[in-house]
Each structure stands twice: as structure tokens, then as C-alpha cells.
Amino acid sequence: MKNVDIRKEIDKLEGFLSIKPLYWDFEKGELFWIDTRLIPWQETYRSTKDYRRIAEAIKEMEIRGAPAIGVAASYGLALSIINSKSRKADELLKEAESAYYILSSTRPTAYNLFWALKRVWNSISDLEDVEEIKEKALNEAHKIYVEDVKNNVEMGKIGSKIVENNARIVTHCNTGALATAGFGTALGVIRYSHLEGKNLHVYVDETRPLLQGARLTAWELKKEGIPFTLVVDGASGLIFSRSMANMALVGADRITLNGYIANKIGTLNLALAAKHGGKPFYVAAPTSTIQKTENPNDILIEERSGEEITSIMGKLRITVDGALSYNPAFDITPPELIEAIITEKGIAKKPFLGEIKSLLSQPF
Ligand code: MRU
């Protein structure tokens with residue numbers, strides 16, 4: 001696809017998005033993104049031409065959510081290439097390799113990060129013309145952006161079939177527009193079901209310690225006019241044992257071929273609570289989140305600074321001075337607790353191995 005065509009396609013897609021979490025400015029040649037650390041207090045966009053700044057924005061969680069991380073990183077790698085002064089292809093590719101390394105060292109669990117960087121790299125690694133490398137790298141980043149939005153809408157459409165009218169859904173973390181290039185994954189399914197006219201109610205886990213549920217999911221649901229109730233992460237046991245909700249629906253940072261899913265810490269507790277209450281636990285994620293492994297030990301779990309849990313948003317200390325803390329950012333939910341995995345290519349059910357492999361082999 002030529003740059004002119006992709007620009008038209010991006011303009012069309014962006015016209016339809018109610019929240020634009022990150023986008024390429026064609027005039028300035030810069031990536032813009034909304035700083036999600038400041039939501040719901042401020043809606044501030046940041047921008048850069050420097051891939052190092054994008055790596056920082058991902059690491060510091062200005063940009064977060066596995067698909068958004070992947071899209072931002074692909075633009076980061078493209079920026080490192082288009083702004084390089086190298087006149088020789090081998091020098092340019094060497095520089096790009098070091099940008100690749102810096103970008104890939106930001107958030108270790110989000111599989112989309114590695115998937116997206118590899119895609120940009122594979123689109124240029126055999127080329128010998130500097131101008132062609134620049135054009136192809138940026139074009140690949142645009143394609144990843146466009147596909148992410150389209151896949152999310154498709155996932156919303158497919159996933160909405162399992163969301164009944166009057167559904168009461170528990171969700172965890174933020175899987176909406178703010179976690180993707182637009183529309184969202186699990187929250188995209190909820191958004192699509194709402195747009196179909198279904199009457200829904202969402203229980204939003206606050207999502208300790210960085211409050212992606214309380215800050216981001218609540219902000220998105222309010223904007224869309226979708227009714228919700230904020231709860232603490234520990235409330236899901238009671239909610240499911242009293243049948244106050246009839247399903248759980250979350251996203252994923254990584255999925256194995258046999259259906260283990262890594263997602264925000266607390267997701268496993270939610271799955272156990274849903275199981276205890278006899279209610280289904282669903283996952284929605286694009287196929288770009290799937291790692292071709294059957295071993296859950298291949299999933300790297302990010303550990304973040306203890307300060308995130310010993311204080312509220314780094315501002316108010318909430319424990320004794322010197323308290324030891326352990327802050328894994330993700331946990332792994334095993335396939336036996338999962339009812340189905342919704343992707344843009346269809347829904348995978350148990351046993352997951354065959355179904356996920358067959359989804360992966362389908363063209364979109
Ligand atoms: O640490 P975060 O905020 O990047 O964690 C995000 C999640 O856990 C999401 O559920 C996941 O990335 C899927 S987002 C569509």
C-alpha cells in the first residue's frame with residue numbers, strides 16, 4: 001500500500017474514533033499520544049520525533065496497554081530510521097538495530113511490543129536502498145496502526161455475540177481505546193455491544209497499584225455513556241458469589257498457544273472468583289498478542305518499583321517507612337479458568353491449542 005493510500009485510510013479511521021490515543025502527524029512527521037498518567041485529571045498530548053522519547057513514554061507508562069505499546073514502538077523504530085543521517089544502508093540498519101534494542105527493553109510482558117518491532121524490522125532488513133528503507137519502515141508502522149484499529153472493531157463485533165442484553169460484566173485494568181491505537185479489546189467488545197443497543201452494566205476493578213480501572217476505564221465508560229460501578233480489586237469474590245455479575249471480560253498482554261494468558265496483576269484472582277461463582281471468564285486480544293509457545297514459563301513477568309504500592313501514585317506514602325514490597329505487574333491465568341478467547345479472527349474455545357493454531361493460520 002502506498003503512503004497516499006494509507007494516509008487516506010488513516011484519515012477515514014480517525015474520523016470514526018471517539019478517542020484518539022496516539023496518532024502520526026503527517027505534516028510534522030511526529031508521533032502524538034495522550035499521556036495516560038494524567039487521565040482523568042488532564043487530557044494532555046505529547047509528541048516527539050525521537051525514538052528514545054517514545055521508549056521513555058512506554059517505560060514510564062504515558063503509553064500503556066499491549067497493543068498501544070506495539071504501535072508506539074513501531075513508530076519509534078520508524079522514527080529512528082527516517083531521522084537517521086546515515087547514507088549507507090548497512091550503517092542505517094546498524095543504527096536501527098540499536099533503536100530496536102532500546103525500544104524492546106521497555107516493557108517485557110507486552111508481546112505486541114516484540115511482534116510490532118519484528119514486523120518493522122522484517123520489512124526493511126533485506127533492503128539496500130536508504131530511501132526505500134525509510135519509506136518501508138514508516139509504511140509498516142502505519143499498517144500496524146491501521147490494522148490494530150480495524151482488528152479491534154472486528155473483535156468487538158465477534159465478541160459482542162457472547163454479550164447478552166442486560167449483561168453485568170466485571171473487567172480489570174484498562175483495555176479500551178487508551179490501551180490500543182483505538183476502540184479497545186475487551187472494552188472494545190463492551191463498546192461494540194453498547195453501540196448495538198444492549199443494556200449493560202460494567203463493574204470496573206480499580207486496578208491497584210496504578211489505578212488503570214479507576215482512572216482510565218471509568219473515564220472511557222463515562223465518555224461513552226456506558227453505566228458502570230467502580231469496585232476495589234478484592235470485591236470480585238463477593239460480586240460473583242452473590243451472582244451480581246454474569247461474566248468477566250479482560251484483555252491480555254501475552255497469550256500462549258495452549259491458552260495461558262498474562263494480564264494485569266489481579267486478573268487470576270478475578271478468574272478464580274468467576275469460577276467459584278460458576279460464571280464464565282472471557283479474554284479478548286488480537287492475534288498479535290499470541291506468542292508461539294506452549295510453555296507459560298516463557299512469559300516474562302514485569303516487576304516494577306515497590307514505590308508504586310507503598311504510596312498512592314508516588315504522592316502519599318500508605319505504609320510504614322521501610323516496608324518490604326513485591327510488585328509484579330502481571331499474573332498468568334491458566335486455560336482451565338478461561339471460557340473462551342476472542343480475537344479478530346474468531347473465538348477460540350477449549351482445548352485451546354488446536355483452535356488458536358487454526359486461528360493463527362487464517363488470513364485476516
Ligand atoms: O501495565 P499496563 O497498564 O500496560 O497493563 C495493561 C493490561 O494489563 C491490559 O489488560 C492489556 O495490555 C491488554 S490492553 C488491550
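Please read all numbers here as calculations on a predicted model, not as lab measurements. (Residues numbered from 1 in each chain as written. Predicted model: local features only at pLDDT ≥ 70, side-chain atom pairs only at ≥ 80, totals over all residues. Heavy atoms only, no water.)

(A) Inspection of helix α10 (residues 267-276) at higher detail. The set of residues buried in α10 consists of Thr 267, Leu 270, Ala 271, Ala 273 and Ala 274. With its buried residues spanning 160° around the axis, α10 presents them on a single face. For α10, the exposed residues lying more than 90 degrees away from the buried face are Asn 269, Lys 275 and His 276. A positive phi of about 70° marks Gly 278, the residue just after α10. (Buried < 20%, exposed > 50% of the residue type's maximum accessible area, 1.4 Å probe, protein only. Helix = DSSP H or I, 4+ residues; strand = E, 2+ residues; numbered from the N terminus. Arc of directions from axis to C-beta.)

(B) The arrangement of the sheet that holds strand β14 (residues 330-333) in detail. Taken in spatial order, the 4 strands make up an open sheet running β11-β8-β9-β14, and their pairing is mixed. The open sheet has two free edges, formed respectively by β11 (290-291) and β14, since each of these has just one partner strand. Pairing analysis gives 2 bridges linking strand β8 (residues 254-256) to strand β9 (residues 261-264), with the strands arranged antiparallel. Looking at β9, one finds that Ile 255 is bridged to Ile 261. The sheet contacts of α10 involve β9 and β14, and relative to β14 the element is tilted by about 35°. (Pairing = 2+ DSSP bridges. Contact = heavy atoms within 4.5 Å. Axes fitted to C-alpha atoms, helices over the stretch in contact; angles between N-to-C directions.)

(C) Spatial organisation of the domain arrangement of the protein. If you check the domain split of the protein, you get domain 1 (3-153) and domain 2 (157-361). When each unit is reduced to the centre of its C-alpha atoms, the spacing between domain 1 and domain 2 is 25 Å. Contact with domain 1, which involves 35 residues of that partner, is made by 40 residues of domain 2. Buried surface at the junction of domain 1 and domain 2, summed over both partners, amounts to about 3,100 Å²; 58% is from carbon and sulfur atoms. (Domains from an automatic or database assignment. Buried area = accessible area lost by both parts, 1.4 Å probe.)

(D) Inspection of the packing of aromatic side chains at higher detail. On inspection of all chains with the given rule, the structure shows 6 aromatic pairs. Geometrically, the ring pair formed by Tyr 23 and Phe 32 is stacked, given 5.2 Å between the ring centres and 10° between the ring planes. Plain terms: the ring middles of Tyr 100 and Trp 121 are 6.1 Å apart, the flat faces sit at 90° to each other, and that makes the pair edge-to-face. One end of the pair, Tyr 100, is in helix α4 (residues 89-104); the other, Trp 121, is in helix α5 (residues 111-124), with 21 residues separating them in the sequence. Among the residues examined, Tyr 100 registers a relative accessible area of 22% and is labelled partly exposed. The structure contains a cluster of three or more aromatic residues connected by ring pairs, namely Tyr 23, Phe 32 and Tyr 45. (Phe/Tyr/Trp six-rings, centres within 6.5 Å; stacked < 30°, edge-to-face > 60°.)

(E) Broad picture of the packing of α4 against α5. The geometry of α4 relative to α5 is characterised by a closest axis approach of 10 Å and an angle of 175° between their N-to-C directions. The orientation of α4 with respect to α5, classified from their angle, is roughly antiparallel. Residues Leu 93, Ala 96, Glu 97, Tyr 100, Leu 103 and Ser 104 of α4 form the contact with α5, whose participating residues are Leu 113, Phe 114, Leu 117, Lys 118, Trp 121 and Ile 124. For the contact of α4 with α5, the class distribution of residues is 9 nonpolar, 1 polar and 2 charged. (Parallel < 35°, antiparallel > 145°, perpendicular 65-115°, else oblique. Nonpolar A, V, L, I, M, F, W, Y, C, P; charged D, E, K, R; others polar.)

(F) Quick look at empty space enclosed by the protein. Taken as a whole and judged by the stated rule, the model has 4 cavities of 30 Å³ or more. Reported here for the largest cavity is a volume of approximately 170 Å³. For the largest cavity, the lining is made up of 22 residues, of which Arg 64, Gly 65, Ala 66, Asn 174 and Asp 253 are closest to its centre. Taken together, the elements giving at least two residues each to the lining of the largest cavity come down to α3 (66-82) and β9. For the lining of the largest cavity, the element with the most residues is α3, which contributes 3 residues. Residue contributions to the lining of the largest cavity reach at least three from each of two domains, namely domain 1 (3-153) and domain 2 (157-361). (1 Å grid on protein atoms, 1.4 Å probe; cavity = no way out; pocket = protein on both sides within 12 Å on 5 of 7 lines; lining within 4 Å. Points joined across faces, edges and corners; volume = space filled by probe spheres on them.)

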